[in-house]
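Coordinates in review
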There are 2 protein chains.
Amino acid sequence: MATSTVRTPAGAPARSMRADARRNYDRLLNEARASFAEHGTDASLEDVARQAGVGIGTLYRHFPNRQALMYAVFQEALAALLARSRELAEGDHPCHALVEWLGAVVTHTGEYRGVAQALMSATRDETSALARCNTPLREAGARLLARAQESGAVRAEVSIDDLMQLTNAIALAAEQAPDDPALADRLLALTLQGLKGPAAEQG
Amino acid sequence: MATSTVRTPAGAPARSMRADARRNYDRLLNEARASFAEHGTDASLEDVARQAGVGIGTLYRHFPNRQALMYAVFQEALAALLARSRELAEGDHPCHALVEWLGAVVTHTGEYRGVAQALMSATRDETSALARCNTPLREAGARLLARAQESGAVRAEVSIDDLMQLTNAIALAAEQAPDDPALADRLLALTLQGLKGPAAEQG
DNA sequence: GAGCAACCGGAGGTGCCCTCCAGATCGCCT
DNA sequence: AGGCGATCTGGAGGGCACCTCCGGTTGCTC
């Protein structure tokens, strides 16, 4: 996966683009970012095109569907998350690292309302461009989880798929309650510690 | 809250309805139930009306918006959940009862794709008819949680709001992965037990 | 600067949402 | 029984968004 200086969002054109095309591509991407952040990922694509000063046909030329656009927008958040995972993988507190990274996932996902949902459904839909986001995320998470499990801090039965799915679910819950920004943290803490108290029955 | 033999879905007419009106109301409700189950709660309302053999205007007369229709459809599941909670509240295993009830919530929610999401956003939107679903659910959950906490099986800091939100989130995750029906159970189990293993660091 | 491939953009077909109101229908009342 | 008003019906219609398609335009190459 060659991540050169030029965006290569697996489906959007990367190699030598005509100057006007690149200009429009960038405008669209910027406008989509702003629009998704403000109105969520179900913002009107015609609005995005209009705001970008570009015809709707041009938008669809560059991004054949909404998912492709979301993928492109989500790219940099993805890169940041992968970088963070590498950073955390070198620290001394595997469990803490895992939880902190999951928190970062939730935060980044929450930047655009609707991304969590889209990522979740994309998990099982190979055809979606967004599915390509999930694989690297999953692998980054898997490394952190494995380390935490080796250290004994996390139970061995926990699977990375379940954990990522739950994290996405938490992100989704958090974005439904924008007036309670600490919700995500509390839910993650809940996940970490579980419900069980001192006198827990055995399940 | 008088639950007589006649449906009284708080917004849909209850008192003496003309015979033709009641007939259409019932047809619409049945068709909506089927349609939501098959296509999710974002099914076309015009389809619902068409399938019910009724004009679109009639649908909107009875259910001023999609939420009202969802509310009416979700009523019986809601009643079942409340009944189940009363049943479980009398058993001997408070923690087990709580978890089982949460499982039932996830199951019923999952019958209609989209309900989990709608319920979650309705939590913070008083104007929505669906918000009226949440309050009784929350209270039923609160009773079960309180009992589990009194018995010491569940940590005292856990709040019912967080727990319900997380449960909804799990329901949502589960409905995104229809090919893995056990996902919800695993995620609930994860919530119950937490990630922590034998040598957990303190968080 | 000529030619052509790449690109632009918006008209247009489709589908859905929701409103509105003229006409059909019901059921009470005499 | 039959009339009459309140109630209900249904679909036309305006608005919006999606996405496709293709005539016209632009940038790049030689």
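Reading the values: rules and limits
- Position numbers for residues start from 1 in each chain and track the written sequence from start to end.
- Chain letters and ligand numbers both follow the written order, the letters beginning at A and the numbers at 1.
- Only residues with pLDDT of 70 or above have their local features reported here, since the model is predicted, and side-chain atom pairs are shown and tallied only from 80 upward, although totals for entire chains, interfaces and linings are computed over all residues.
- The side-chain values count all of the structure's non-hydrogen atoms but skip hydrogen atoms and water molecules.
- Helix and strand labels come from DSSP, where a helix needs a run of H or I of at least four residues and a strand needs a run of E of at least two; each type is numbered from the N terminus.
- Burial classes: relative accessible area under 20% of the type maximum marks a residue as buried, over 50% as exposed, and values in between as partly exposed (1.4 Å probe, protein chains only).
- When the copies are superposed, the least-squares fit draws on C-alpha atoms of residues that have pLDDT of at least 70 in both.
- Any two residues whose heavy atoms approach within 4.5 Å are treated as being in contact.
- The criterion for a residue being near a molecule or strand is simple. One of its heavy atoms has to lie within 4 Å of it.
- Throughout this description, a polar contact denotes any pair of N or O atoms lying within 3.5 Å of each other; where both atoms belong to protein, one of them has to be capable of donating a hydrogen while the other can accept it, and for residues adjacent in sequence the pair is counted only when both atoms sit in side chains.
- When residues are sorted by character, Ala, Val, Leu, Ile, Met, Phe, Trp, Tyr, Cys and Pro go into the nonpolar class, Asp, Glu, Lys and Arg into the charged class, and all the rest, Gly among them, into the polar class.
- What makes a salt bridge here is a side-chain nitrogen of Lys or Arg within 4 Å of a carboxyl oxygen of Asp or Glu, nothing more.
- UniProt positions are given in the numbering used here, feature names are shortened, and annotations may be inferred rather than shown by experiment.
- Angles run from 0 to 180 degrees between N-to-C directions of axes, and those axes are lines fitted to C-alpha atoms, restricted for helices to the stretch in contact.
- Each helix crossing is assigned a hand: it is left-handed if the near helix lies turned anticlockwise from the far helix by less than a right angle, otherwise right-handed if that turn is clockwise.
- For the purposes of this section, nonpolar cores are sets of buried Ala, Val, Leu, Ile, Met, Phe, Trp, Tyr and Cys residues that join through side-chain atoms within 4.5 Å.
- Domain delimitation in this document rests on an assignment produced automatically or drawn from a domain database.
- Note on definitions: buried area is the accessible-area loss of two parts on being combined, 1.4 Å probe, summed for both.

With respect to the overall build of chain A
- Each helix and strand counted, chain A has nine helices and zero strands in total.
- Shown N-terminal to C-terminal, the secondary structure of chain A runs as helices and strands in the order α-α-α-α-α-α-α-α-α.
- When the backbone C-alpha atoms are referred to their principal axes, chain A occupies close to 65 × 35 × 25 Å.
- Here chain A holds 203 residues, and 50% of them are scored as buried.

What about the relation of the copies chain B and chain A?
- The transformation that overlays chain B on chain A combines an axial shift of 0.1 Å with a rotation of 180 degrees, and the residual RMSD is 0.1 Å. What we have between these two chains is a two-fold relation. Nearest to the rotation axis, the C-alpha of Gly194(B) is located 1.8 Å from it, this being the minimum over chain B.
- Of the interface residues in chain B, 100% have counterparts in chain A that sit at the interface too, so the contact is made through matching surfaces.

A look at the protein's contact with DNA strand C
- Lining the immediate surroundings of DNA strand C are 21 residues, of which Arg18(A), Asn24(A), Gly57(A), Ala19(B) and Tyr60(B) lie closest.
- In the interface set of DNA strand C, defined as its atoms within 4 Å of the protein, sugar plus phosphate atoms amount to 62%.
- With respect to DNA strand C, the backbone of Gly55(A) contributes an N or O atom lying 3.2 Å from a phosphate oxygen.
- Between a phosphate oxygen of DNA strand C and a main-chain N or O atom of Ala19(B), the distance comes to 2.8 Å.
- Broken down by secondary-structure element, the contributors of at least two residues to the surface near DNA strand C are helix 1 (19–39) and helix 3 (56–62) of chain A together with helix 1 (19–39), helix 2 (45–51) and helix 3 (56–62) of chain B.

Some points on the protein's contact with DNA strand D
- In the vicinity of DNA strand D lie 20 residues, with Tyr60(A), Arg18(B), Asn24(B), Gly57(B) and Arg61(B) positioned nearest.
- Contacts to DNA strand D include Arg18(B), whose side-chain N or O atom sits 2.3 Å from a base oxygen.
- Take His62(B): an N or O atom from its side chain is 3.4 Å from a phosphate oxygen of DNA strand D.
- Mapped onto the surface near DNA strand D, the elements with two or more residues apiece are helix 1 and helix 2 (45–51) of chain A together with helix 1 and helix 3 of chain B.
- Of all the elements, helix 3 of chain B adds the most residues to the surface near DNA strand D, at five residues.
- A per-class count over the surface near DNA strand D returns seven nonpolar, six polar and seven charged.

Regarding the interface of chain B and chain A
- Between chain B and chain A, the contact holds 42 residues from the first and 42 residues from the second.
- For the pair chain B and chain A, the interface holds two salt bridges.
- The salt bridge involving Arg186(A) is made with Asp162(B); its shortest N-O contact spans 2.6 Å.
- Applying the counting rule to chain B against chain A returns 14 residue pairs in polar contact (both at pLDDT 80 or more).
- Of all the elements in the fold, those that place two or more residues in the side of chain B that touches chain A are helix 5 (94–109), helix 6 (115–122), helix 8 (160–176) and helix 9 (183–193) of chain B.

Some points on the UniProt feature "DNA-binding region" (unreviewed entry) in chain A
- When the UniProt feature table is mapped to this numbering, "DNA-binding region" (unreviewed entry) covers residues 44–63 of chain A.
- Within residues 44–63 of chain A, the helical portion is 70% and the strand portion 0%, while the C-alpha atoms at the span's ends are 14 Å from each other.

Observations concerning the packing of helix 5 (residues 94–109) of chain A against helix 9 (residues 183–193) of chain A
All names here are of chain A.
- Contact geometry of helix 5 with helix 9 gives a least axis separation of 10 Å together with a crossing angle of 145 degrees. Crossing angle aside, the handedness with which helix 5 passes helix 9 is right-handed. The residues of helix 9 that touch helix 5, namely those facing Cys 95, Val 99, Leu 102, Gly 103 and Val 106, are Ala 184, Leu 188 and Leu 192.

Side note on the nonpolar core
- Counting residues in each nonpolar core, the largest one holds 142 residues, and the members touching the most others are Leu98(A), Trp101(A), Leu98(B) and Trp101(B).
- Here Trp101(B) is in contact with Leu81(B), Arg84(B), Ser85(B), Leu88(B), Leu137(B), Ala140(B), Gly141(B), Leu144(B) and Met164(B), once residues within four sequence places are set aside.

Observations regarding the domain arrangement of chain A
Residues and elements named next belong to chain A.
- Per the domain assignment, the segments of chain A are domain 1 (17–62) and domain 2 (66–197).
- In this structure, domain 1 and domain 2 have C-alpha centres spaced 27 Å apart.
- Listed as interface residues are 14 residues of domain 1 and, on the opposing side, 11 residues of domain 2.
- If you sort the residues of domain 1 by the area they bury against domain 2, Arg 33, Phe 36 and Thr 41 come out on top, with a joint share of 51%.
- The interface formed by domain 1 and domain 2 includes one salt bridge.
- Of the charged contacts, one joins Glu 76 and Arg 33 as a salt bridge, the two residues approaching to 3.3 Å between their closest N and O atoms.

Points about the pattern of salt bridges
Residue and element names in this part refer to chain A.
- As enumerated under the stated definition, the model contains 18 salt bridges over all chains in all.
- The partner of Arg 84 in a salt bridge is Glu 87, and the shortest N-O contact between them spans 2.7 Å. Of this pair, Arg 84 and Glu 87 both sit in helix 4 (residues 66–88), three residues apart, roughly one helical turn.
- In this structure Glu 87 comes out as exposed when scored by relative accessible area, which is 53%.
- If you follow the salt bridges from partner to partner, you end up with Arg 84, Glu 87 and Glu 100 in one network.

A word on the environment of Leu81(B)
- Tracing the chain through its elements places Leu81(B) in helix 4 (residues 66–88).
- Put simply, Leu81(B) and Arg66(B) are 15 residues apart on the chain and 22 Å apart in space, counted from C-alpha to C-alpha.

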